[in-house]
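Residue-level listing of the chains:
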There are 2 protein chains.
Amino acid sequence: MVTIYDIAAKAGVSAMTVSRVINNTGKISDKTRAKVRRVMEELNYVPNHMARSLVLQQSNVLFLLITDITNPFYTTLARGAEDAAKKHGYRLLFGNSDESLDKEKDYVDAILATRADGVLVAPAGDLSLPHLETLRLHQVPFVLLDREVPGMDSDVVLGDSKEGARKLVDHLTSQGHERIALINGSPQISSARLRLEGYREALKLNDLAFDEAYVLETAFEPRSDLSEIERWLDRMDPAPTAIVAGNNVLAVEVIRTLHARGIRVPEQVSLVCFDDLGPFSEIDPFLTVIAQQAYQFGYLGTQMLVERLQERGVTGLPWKKIVLPADMIVRRSVAAISPTDGRSAR
Amino acid sequence: MVTIYDIAAKAGVSAMTVSRVINNTGKISDKTRAKVRRVMEELNYVPNHMARSLVLQQSNVLFLLITDITNPFYTTLARGAEDAAKKHGYRLLFGNSDESLDKEKDYVDAILATRADGVLVAPAGDLSLPHLETLRLHQVPFVLLDREVPGMDSDVVLGDSKEGARKLVDHLTSQGHERIALINGSPQISSARLRLEGYREALKLNDLAFDEAYVLETAFEPRSDLSEIERWLDRMDPAPTAIVAGNNVLAVEVIRTLHARGIRVPEQVSLVCFDDLGPFSEIDPFLTVIAQQAYQFGYLGTQMLVERLQERGVTGLPWKKIVLPADMIVRRSVAAISPTDGRSAR
DNA sequence: CTGTTAGCGCCTTCAC
DNA sequence: GTGAAGGCGCTAACAG
């Protein structure tokens, strides 16, 4: 391995001079600089980030921990974070927790061990609290993405989940729907809770009764077994005329379940959800969605994180909270019905 | 920051003893081991990977460089690589080159600087050669994924592109199609070349003439401007009755272009492609595709890489090449027509 | 403008 | 079983 000493020797200077050339620090004569540069090329020198980080006590690395790498919401978010990190001179590393607390814990340990300067986390849920406390304990600045964790104050970028849910429900009622069901992520996840709240409030404002049987609280991540959804569909009586899904994964799973039963959307049941389905669904974009600004989640979150990093030392500054608006894209997955319409989703 | 010296002091032992406890090396009495462990917990010790890697001259990190993080083919591949890396005790870091040679170069430099032990690369194209030469020069083992690069021998995991193209064309001819067009990635990419070859061979075997005007060689990555595709569609006369797309991105773009013209698939044009569209297209899986085993690309590639790493020192072992089969999933994007059917794709 | 010294946190080697 | 010395590659602080 070629080190600065190798090139120092060959260039007839000290290692320190080489270091200065590499980092563009201090004053160096053009002549020595040119010579050092030439030798570096000759020897194919590549600086060793690890050695550098060890002395500098900072790595210039940010870590992005997402919960589902196959979900276009998160990959788009990742692109935003990547661009922002690059812009500020940081490198960005990714991790994928799969909504698993265990994997999340492993990643947090790895992040600490690799001495990342800061972290962007989409926490698996409220039970991520100890993991965040670990980061805080070790003074690693972090920004929460998409989800808050009760008991942990921090910078955070959220979508307006409550408002989004209200918009979706309002849209359905405006089309005459009165039996509106909700399939949601775990109540251990803040965004899921807010979506449920928004759903309940919107029902109330529309003078519709809330019925527990119409709500299924399950999980946001992909599953192979659809039987829980099956049972929920069976349970609702009378069947809903419309379904709100807490995210895109759930929406797709509901559609698959319905299709398996020969039930068509929107002809027999209307369906809306949070999060768009990504570029590969543009073949036939038909789902009405709250299209969260995934790219902005990543971009703005990274920007906040970098700002925190730069004010290092200055403590006690208030936490920032960015709430991105919930914009609805109306497409074709909602049918208009008359209130007395007795169609069934079974 | 807590170091092994801090815990050594507090435990009343030497740093070396702490190091031995951490790594489970050498002989340590149960008593001191227990004591050291206790102090580590008390002080929330986290080992410093960078310092460790610096002395050990290895990082236990593998790097996966893909070309499009928003493409489900690559995210699924990433999941496979992640699982395999974990299984073998390596950590996996990701990078996203966006099919850009410049970004790819930046990543290669970063990979060298961070001293990753090995790399999995989906190269941007034939012009990635110098980047691979850089890796080779610095003796960083790598495995190529999905694409070969002429002039660079290495381990590689490929799909059977030629066979895949033949299958797609054969399927179309079996449904009566005779005017079959091809939209493909850059000819600078090995998989694109093989797909073109397979297409040409299959035409010949089916006694169909090859017509250059029916082939568009463009780019695999997503674009915002569809005008090139528009012009190609205009150029073909008579219009094709079926189109083969070199990957999923191109297929979606073709569909969008066609839909904008009010042309429906498969009623007016049939369409097939390489690579499935991922979980979010399961809403209405209708494209007939060569569904490459994305997960296996990542999993097997990582396994090959780890094997190389373990035989470090032993040189001259032959390169391995895994070719994954091209399995076709027939769905509904191909209509049967009679050979004399004069339908138009314009 | 350039060089010397010391040390970042850890592990290998060699002592005891 | 355990410890002391030295060095991985690099840079901050000081010296000239």
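Residues numbered from 1 in each chain as written. Chains lettered and ligands numbered in written order. Predicted model: local features only at pLDDT ≥ 70, side-chain atom pairs only at ≥ 80, totals over all residues. Heavy atoms only, no water.

As annotated in an unreviewed UniProt entry, chain A carries the name LacI family DNA-binding transcriptional regulator and comes from Cohnella boryungensis.

Quick look at the overall build of chain A now. Per the secondary structure count, chain A includes 12 helices and 12 strands. Its C-alpha atoms give chain A a radius of gyration of 26 Å, clearly above 20 Å, the size a compact globule of 346 residues would have. Its C-alpha atoms give chain A principal-axis dimensions of about 90 × 45 × 30 Å. Every one of the 346 residues in chain A was classed for burial, and the buried ones make up 55%. Across chain A, every contact between residues at least 6 apart in sequence was considered, and the portion connecting residues at least 24 apart equals 72%. Accessible area of chain A: about 14,700 Å², with a carbon and sulfur share of 51%. Side-chain charges in chain A split into 40 positive and 46 negative, and the spacing between the mean points of these groups amounts to 9 Å. (Helix = DSSP H or I, 4+ residues; strand = E, 2+ residues; numbered from the N terminus. Rg over C-alpha atoms; globule rule 2.2 N^0.38 Å. Buried < 20%, exposed > 50% of the residue type's maximum accessible area, 1.4 Å probe, protein only. Contact = heavy atoms within 4.5 Å. Areas by Shrake-Rupley, 256 points an atom, 1.4 Å probe, with all protein chains shown as cover. Lys, Arg positive; Asp, Glu negative; His and termini not counted. Charge placed at Lys NZ, Arg CZ, Asp CG, Glu CD.)

Mapping chain A onto chain B calls for a screw motion: a turn of 180° about the axis and a shift of 0.0 Å along it, with 0.1 Å RMSD after fitting. On the angle and the small slide along the axis, the relation comes out as a two-fold axis. Comparing interface residues between copies, 100% of those in chain A also sit at the interface in chain B, which points to an isologous, same-surface contact. (Least-squares fit on C-alpha atoms with pLDDT ≥ 70 in both.)

Residues in close proximity to DNA strand D total 27 residues, the closest being Ile-4 and Tyr-45 of chain A together with Thr-17, Arg-20 and Val-55 of chain B. Here a base nitrogen of DNA strand D and a backbone polar atom of Ala-51 of chain A are 3.3 Å apart. Looking at the surface near DNA strand D, the elements with two or more residues in it are helix 1 (4-11), helix 2 (15-23) and helix 4 (49-56) of chain A together with helix 2 (15-23) and helix 4 (49-56) of chain B. (Near = heavy atom within 4 Å. Polar contact = N/O pair within 3.5 Å; in protein donor to acceptor, adjacent residues only side chain to side chain.)

Empty space within the second largest pocket amounts to approximately 1,100 Å³. As for the second largest pocket, its lining consists of 41 residues, and the residues nearest its centre are His-49 of chain A together with Asp-106, Asp-109, Ala-110 and Ala-113 of chain B. Elements supplying a minimum of two residues to the lining of the second largest pocket: helix 2, helix 3 (30-42), helix 4, helix 5 (72-87) and strand 2 (91-96) of chain A together with helix 6 (101-114) and helix 7 (129-137) of chain B. Element by element, the count of residues in the lining of the second largest pocket is highest for helix 6 of chain B, at 11 residues. (1 Å grid on protein atoms, 1.4 Å probe; cavity = no way out; pocket = protein on both sides within 12 Å on 5 of 7 lines; lining within 4 Å. Points joined across faces, edges and corners; volume = space filled by probe spheres on them.)

We now examine the UniProt feature "domain: HTH lacI-type" (unreviewed entry) in chain A. With numbering aligned to this structure, UniProt lists the feature "domain: HTH lacI-type" (unreviewed entry) at residues 2-56 of chain A. What you have in residues 2-56 of chain A is 69% helix and 0% strand, and the ends, taken at the C-alpha atoms, are 20 Å apart. (UniProt positions renumbered as here; feature names shortened; annotations may be inferred.)

In this section: the pairing of strand 8 (residues 242-245) of chain B. Residues and elements named next belong to chain B. Every second residue of strand 8 is oriented toward a common face, with Ala-242 and Val-244 on one face and Ile-243 and Ala-245 on the other, all of them buried. Bridge count between strand 6 (residues 180-184) and strand 8: 4 bridges; the pairing is parallel. Bridge assignment links Ile-183 to a residue of strand 8, and that residue is Ala-245. Examined bridge by bridge, strand 8 and strand 9 (residues 270-274) share 4 bridges and lie parallel to one another. Paired with Ala-245 across the bridge in strand 9 is Cys-273. In terms of handedness, the path from strand 8 via helix 11 (residues 248-260) over to strand 9 forms a crossover that is right-handed. (Pairing = 2+ DSSP bridges. Right-handed = clockwise from strand over helix to strand, strands pointing away.)

By the definition in use, this model includes 11 aromatic pairs over all chains. Residues Phe-63 of chain A and Tyr-107 of chain A carry aromatic rings whose centres are separated by 5.9 Å and whose planes lie at 50° to one another, so their mutual orientation is tilted. Taken together, the positions of Phe-63 of chain A in strand 1 (residues 61-66) and Tyr-107 of chain A in helix 6 (residues 101-114) put the pair 44 residues apart, joining distant regions of the chain. With 5.3 Å between their ring centres and 75° between their planes, Phe-73 of chain B and Phe-297 of chain B make a pair best called edge-to-face. (Phe/Tyr/Trp six-rings, centres within 6.5 Å; stacked < 30°, edge-to-face > 60°.)

A few words now on the pairing of strand 5 (residues 155-159) of chain B. Residue and element names in this part refer to chain B. Among the 5 residues of strand 5, 5 are classified as buried, and the element is accordingly described as predominantly covered. Judged from the 3 bridges that link them, strand 4 (residues 142-145) and strand 5 form a sheet pairing that is parallel. The residue of strand 5 that forms the bridge with Val-143 is Asp-155. Taken together, the 4 bridges between strand 5 and strand 11 (residues 321-324) define a ladder with parallel strand orientation. Directly across from Leu-158, in strand 11, lies its bridge partner Val-323.

Turning to the sheet that holds strand 7 (residues 215-217) of chain B, a few remarks are in order. Residues and elements named next belong to chain B. The strand order across the open sheet formed by 6 strands is 7-6-8-9-10-12, and the pairing between neighbours is mixed. Strand pairing shows two members of the sheet lacking a second neighbour, strand 7 and strand 12 (328-329), which therefore form its edges. By the bridge criterion, 3 bridges tie strand 9 to strand 10 (residues 288-290) in an arrangement that is parallel. Across the sheet, residue Val-272 finds its bridge partner in strand 10, namely Thr-288. Each of strand 6, strand 8, strand 9, strand 10 and strand 12 is contacted by helix 8 (residues 161-174), which is oriented at about 165° to strand 9, the strand it contacts most. Taken strand by strand, helix 10 (residues 227-235) contacts strand 6, strand 7 and strand 8, and its axis lies near 160° from that of strand 7. (Axes fitted to C-alpha atoms, helices over the stretch in contact; angles between N-to-C directions.)

Take the environment of Val-252 of chain A next. With respect to the element layout, Val-252 of chain A can be found in helix 11 (residues 248-260). Separated by 221 residues in the primary sequence, Val-252 of chain A and Lys-31 of chain A place their C-alpha atoms 64 Å from one another. Contacts of Val-252 of chain A, omitting those with residues within four sequence positions, involve Leu-277 of chain A together with Pro-279, Phe-280, Glu-282 and Ile-283 of chain B.

Looking now at helix 7 (residues 129-137) of chain A. Residues and elements named next belong to chain A. Looking at helix 7, one finds that the buried residues are His-131, Leu-132 and Leu-135. When helix 7 is viewed along its axis, its buried side chains cluster within an angular range of 95° and face the same direction. Where helix 7 ends, the next residue or the one after it, Gln-139, has phi of about 60°, a positive value. (Arc of directions from axis to C-beta.)

Bringing the side chain of Arg-115 of chain B into the picture now. Structurally, the position occupied by Arg-115 of chain B is in the loop between helix 6 and strand 3 (118-121). The side chain of Arg-115 of chain B sits in the buried core without any salt bridge; Asp-117 of chain B is the nearest counter-charge, 8.9 Å away. Among the polar contacts made by the side chain of Arg-115 of chain B, one reaches the main-chain carbonyl oxygen of Val-46 of chain A at a distance of 3.1 Å. If we skip the residues at most four places from it in the chain, Arg-115 of chain B touches Met-1, Val-46, Pro-47, Asn-48 and Met-50 of chain A together with Ser-59 of chain B. (Salt bridge = Lys/Arg side-chain N within 4 Å of Asp/Glu carboxyl O.)

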